Amino acid sequence: MSGEKTNNSRRDFLVKSMTIIPALVVGGSGVGTLGLVENANAAEGKAHADTAAKKTADNEWIPQFFNADEWTFLKAAVARLIPADEHGPGALEAGVPEFIDRQMNMPYATGSIWYMQGPFNPDVPKEMGYQLPLVPKQIYNLGIVEANDWCRQQYGKPFAELDAAKQDAVLGQFESGSASFKQLPSSLFFSYLLQNTREGFFSDPIHGGNKGMVGWTLINFPGARADFMDWVERGERYPFPPVSISGERA
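Keep in mind that this is a model prediction, so the values were computed, not measured.

Enquirer: Would you mind showing me how to read the nonpolar core here?
Expert: One broad rule of soluble globular proteins: the nonpolar side chains tend to lie buried together. Within the largest apolar cluster, 50 residues are counted, with the highest numbers of intra-cluster contacts made by Phe66, Tyr140, Phe174, Phe189 and Leu193. Those elements that place two or more of their residues in this core are α3 (68–81), α4 (96–103), α5 (107–110), α6 (136–155), α7 (164–176), α8 (186–202) and α9 (214–219). Aside from chain neighbours lying at most four places away, what touches Leu193 is Phe73, Leu74, Ala77, Val78, Leu81, Tyr140 and Leu171.

Below is the structure:
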């Protein structure tokens with residue numbers, strides 16, 4: 001995957017796939033049957049209260065969960081999943097890495113309200129639900145190490161040091177599962193990375209992503225406005241800018 005055609009098709013896919021955007025704006029994370037609405041208001045509130053202490057003087061987020069190598073990979077990967085282009089900022093500019101890092105310190109990342117008792121049988125139909133003993137924190141820790149190791153074996157460099165075309169090709173191999181990881185399926189790791197990137201790009205800004213509401217502006221989503229139902233069936237573009245839960249306006 002490379003070039004203007006790839007970027008346009010990727011962003012078009014994102015826009016078309018956001019018909020379920022109201023389910024994402026609260027910021028709950030999940031993949032497939034793992035989707036959930038977290039009952040973690042106290043933990044979330046504390047995380048937001050501590051946000052100011054987690055940024056540098058120039059307002060750059062200081063990762064709390066990811067180490068330096070993991071953070072470098074994450075920023076490079078989300079920048080390819082939703083790249084900046086003529087339509088607007090991408091995942092990196094929207095703060096998606098911050099969103100994912102903050103999610104790793106929420107109950108979602110530990111699977112605290114999932115059923116996680118064995119036996120685990122990865123070969124059963126997907127309708128049987130999640131079949132691995134790994135929670136999101138572990139999927140990211142193991143997956144990033146595996147991804148970089150695989151890139152070194154194939155290209156002699158970690159993912160972040162590859163050019164954009166190779167990075168796109170590598171992500172495609174992760175998505176298809178053709179990249180062989182030792183500790184987890186590469187497709188599982190990619191599914192979390194992609195889903196959390198989408199969530200970070202389209203969630204409410206109070207969760208760390210969608211800075212400046214660029215994701216909502218891209219798809220003309222009103223955000224947390226109290227009522228916009230009278231515009232739903234008009235067949236007209238909604239004329240007002242999005243508003244976040246905090247009251248911020250784009």
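Enquirer: In this structure, what is going on with α3? I would like to understand it.
Expert: In an α-helix, one full turn covers 3.6 residues, which means residues spaced three or four apart are oriented alike. With 14 residues, α3 extends 20 Å from end C-alpha to end C-alpha; this agrees with the ideal 20 Å at 1.5 Å per step. Here α3 has its buried residues at Glu70, Trp71, Phe73, Leu74, Ala76, Ala77, Val78, Arg80 and Leu81. Measuring from the backbone nitrogen of Asp69 back to the side-chain oxygen at the start of α3 gives 3.1 Å, which picks out Asn67 as the cap.

Enquirer: Explain the packing of α3 against α7 to me, please; I cannot follow it from the model alone.
Expert: Relative placement of two packed helices is described by the angle separating their axes and the distance separating the axes. The N-to-C vectors of α3 and α7 enclose an angle of 85°; their axes lie 10 Å apart at closest approach. Judged on the interaxial angle alone, α7 and α3 are roughly perpendicular. Along its contact with α3, which presents Ala76, Ala77, Arg80 and Leu81, the element α7 presents Ala164, Gln167, Asp168 and Leu171. Within the contact of α3 with α7, the residues separate by chemical class into 5 nonpolar, 1 polar and 2 charged.

Enquirer: Sorry if this is basic, but what is going on with the packing of aromatic side chains here?
Expert: Two numbers describe a pair of aromatic rings. These are the distance of the centres and the angle of the planes. One pass over the full model with this rule turns up 12 aromatic pairs. The interplanar angle of 55° and the centroid separation of 5.1 Å between the aromatic rings of Phe73 and Phe159 together place this pair among those described as tilted. Placement of Phe73 in helix α3 and of Phe159 in the loop between α6 and α7 is noted, with a sequence separation of 86 residues between them. Classification of Phe159 by relative accessible area gives buried; the value is 0%. An angle of 45° between the planes, with centres 6.4 Å apart, marks the rings of Phe181 and Phe189 as tilted. A relative accessible area of 10% places Phe181 in the buried class. One aromatic cluster is present, formed by Phe65, Phe66, Trp71, Phe73, Tyr140, Trp150, Phe159, Phe174, Phe181 and Phe189 through successive ring pairs.

Enquirer: Hey, could you run me through the pattern of salt bridges in this one?
Expert: Where charged atoms from two side chains of opposite charge approach closely, those side chains can pair. For the coordinates displayed, the defined rule picks out 5 salt bridges. Where Glu98 meets Arg102, a salt bridge forms, and the shortest distance between an N and an O atom there is 2.9 Å. One end of the pair is Glu98 and the other is Arg102, both in helix α4 and 4 residues apart, which spans about a single turn. Judged by relative accessible area, which is 8%, Arg102 ranks as buried. The partner of Arg152 in a salt bridge is Asp149, with the nearest N and O atoms 3.3 Å apart. Of this pair, Arg152 and Asp149 both sit in helix α6, 3 residues apart, roughly one helical turn. Assessed through its relative accessible area of 42%, Arg152 is described here as partly exposed. Connected via shared salt-bridge partners are Glu98, Arg102 and Lys211.

About the thresholds
- Residues numbered from 1 in each chain as written.
- Predicted model: local features only at pLDDT ≥ 70, side-chain atom pairs only at ≥ 80, totals over all residues.
- Heavy atoms only, no water.
- Core = buried A, V, L, I, M, F, W, Y, C linked by side-chain atoms within 4.5 Å.
- Buried < 20%, exposed > 50% of the residue type's maximum accessible area, 1.4 Å probe, protein only.
- Helix = DSSP H or I, 4+ residues; strand = E, 2+ residues; numbered from the N terminus.
- Contact = heavy atoms within 4.5 Å.
- Expected span 1.5 Å × (residues − 1).
- Polar contact = N/O pair within 3.5 Å; in protein donor to acceptor, adjacent residues only side chain to side chain.
- Axes fitted to C-alpha atoms, helices over the stretch in contact; angles between N-to-C directions.
- Parallel < 35°, antiparallel > 145°, perpendicular 65-115°, else oblique.
- Nonpolar A, V, L, I, M, F, W, Y, C, P; charged D, E, K, R; others polar.
- Phe/Tyr/Trp six-rings, centres within 6.5 Å; stacked < 30°, edge-to-face > 60°.
- Salt bridge = Lys/Arg side-chain N within 4 Å of Asp/Glu carboxyl O.

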